[in-house]
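Structural overview for review
Residues per chain are reported as follows:
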Amino acid sequence: MSVKKTVNEALSQKMSRKDFLGQVGALLLAVVGVSAVLKSLGNSHGSQRSGSTSSAGGQNSGAYGSSSYGG
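These remarks concern the structure in this document. In this text, all values refer to a predicted model and were calculated from it rather than measured experimentally. (Residues numbered from 1 in each chain as written. Predicted model: local features only at pLDDT ≥ 70, side-chain atom pairs only at ≥ 80, totals over all residues. Heavy atoms only, no water.)

1. Notes on the overall build of the chain
- Helix and strand content of the chain: 2 helices and 0 strands.
- The buried share of the chain, reckoned over its 71 residues, is 1%.
- Carbon and sulfur atoms make up 61% of the accessible area of the chain, which amounts to about 6500 Å² in all. (Helix = DSSP H or I, 4+ residues; strand = E, 2+ residues; numbered from the N terminus. Buried < 20%, exposed > 50% of the residue type's maximum accessible area, 1.4 Å probe, protein only. Areas by Shrake-Rupley, 256 points an atom, 1.4 Å probe, with all protein chains shown as cover.)

Structure representation (structure tokens):
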């Protein structure tokens, strides 16, 4: 089944205001939940890198200007 057909069927379906708000609320919770999971998975490695310092000079290795293109 194509996405366009699925969307058209969902938009043409009759529902009450209560049903509509329930569907929108469930969609919002799903989006927030998925983004929170992705954010927590992405931060699992980022916390180790953010506190690292370089051995020469003691500056943060990810600081602005630390790369050759940083200025």
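2. Examining a nonpolar patch on the surface
- A cluster of nonpolar residues, Met-15, Phe-20, Leu-21 and Val-24, forms a patch on the protein surface that exposes about 360 Å² of accessible area.
- Here Val-24 is to be found in helix 2 (residues 17-50).
- What makes Val-24 partly exposed here is its relative accessible area of 40%. (Patch = residues over 30% accessible without salt bridge, like charges linked within 9 Å, V, L, I, M, F, W, Y side chains within 5 Å. Salt bridge = Lys/Arg side-chain N within 4 Å of Asp/Glu carboxyl O.)

Function-wise, these values are silent; they only describe arrangement.
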